[in-house]
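Residue-level structure breakdown
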Amino acid sequence: MLVPTPPVIKKIERISPTLYEAALKCKSRAAWLAGGDRKLLPSHPRALLGIGVHSVLERARAGGGAARSEDARRADAESFFDQKMRDLFAASHPLLHAKFDGPDRLPFYNLFRARAAQMAVDAAVDNQRSGQPNLRNATSGAAVEVALVSRDGRVAGRADVLERR
């Protein structure tokens, strides 16, 4: 059995929402996140599902999968989500493979899939109304994956999308 090198225990200068939540649930996991090799920790199944949802939404907002009918757009988004999840699951930690037979066996898989598909359909409708894809950048009125830091610099995180209105 391969025993990993323990994490380096160090003072945490800045905390993120992910690290905060880990510290509330498990001090050891928080130590690994802060000072260890993150690749040694399995991702939470919902984190993988969230990445899948984000991928579907990014594609939809950029105009990808712009089928003619709503049902075709939904089916296209579901298919894209399924493929993305297969790719993510194949690259995930071996412990996830030991616990789940496949990505479709992750808790709430079908719920995340259905929500992603509906949001993709809604994004396509928004694109049709505006006449152009929402590329989600500074010129379109939205910012993606924006780093946010508190005034004192001790709390930091990354917002998925910030809409400028």
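Turning next to helix α3 (residues 45-61). Over its 17 residues, α3 extends 25 Å from the first C-alpha to the last, a length consistent with the 24 Å expected when each residue adds 1.5 Å. Among all positions of α3, only P45, L48, L49, G50, G52, V53, S55, V56, L57, A60 and R61 are buried. Once α3 finishes, G63 follows within two positions and takes phi at roughly 95 degrees, a positive value.

What follows deals with the confidence of the model for the protein. Considering every residue of the protein, the mean pLDDT works out to 84; 82% of them sit at 70 or more. Per-element averaging of pLDDT across the protein places strand β1 (residues 142-149) at the bottom with 76 and helix α4 (residues 70-90) at the top with 95. Ignoring residues within four places in sequence, the model shows residues 133-138, a span with pLDDT below 50, making 18 contacts including any to other chains.

Once that is clear, we can look at the side chain of D82. Here D82 lies in helix α4. A polar atom in the side chain of D82 sits 2.5 Å from the side chain of Y109. If sequence neighbours within four positions are ignored, D82 has contacts with Y109 and R113.

In this description, an aromatic ring pair is defined by two values, namely the gap between the centres and the angle between the planes. Under the criterion given, the structure shown has one aromatic pair. Residues F81 and Y109 carry aromatic rings whose centres are separated by 5.4 Å and whose planes lie at 50 degrees to one another, so their mutual orientation is tilted. You can see F81 sitting in helix α4 and its partner Y109 sitting in helix α6 (residues 109-130), a full 28 residues away along the chain.

Right, let's talk about the packing of helix α1 (residues 17-25) against helix α2 (residues 27-35) for a bit. One way to put it is that α1 packs onto α2 with a least axis distance of 6 Å and a crossing angle of 150 degrees. By the angle between their directions, the pair α1 and α2 is classed as roughly antiparallel. Side by side, α1 and α2 meet where T18, L19, A22, A23 and K25 of the first sit next to K27, R29, A30, L33 and A34 of the second. Its residues assigned to classes, the contact of α1 with α2 comprises six nonpolar, one polar and three charged.

Basis of the calculations
Residues numbered from 1 in each chain as written. Predicted model: local features only at pLDDT ≥ 70, side-chain atom pairs only at ≥ 80, totals over all residues. Heavy atoms only, no water. Helix = DSSP H or I, 4+ residues; strand = E, 2+ residues; numbered from the N terminus. Expected span 1.5 Å × (residues − 1). Buried < 20%, exposed > 50% of the residue type's maximum accessible area, 1.4 Å probe, protein only. pLDDT = per-residue confidence, 0-100. Contact = heavy atoms within 4.5 Å. Polar contact = N/O pair within 3.5 Å; in protein donor to acceptor, adjacent residues only side chain to side chain. Phe/Tyr/Trp six-rings, centres within 6.5 Å; stacked < 30°, edge-to-face > 60°. Axes fitted to C-alpha atoms, helices over the stretch in contact; angles between N-to-C directions. Parallel < 35°, antiparallel > 145°, perpendicular 65-115°, else oblique. Nonpolar A, V, L, I, M, F, W, Y, C, P; charged D, E, K, R; others polar.

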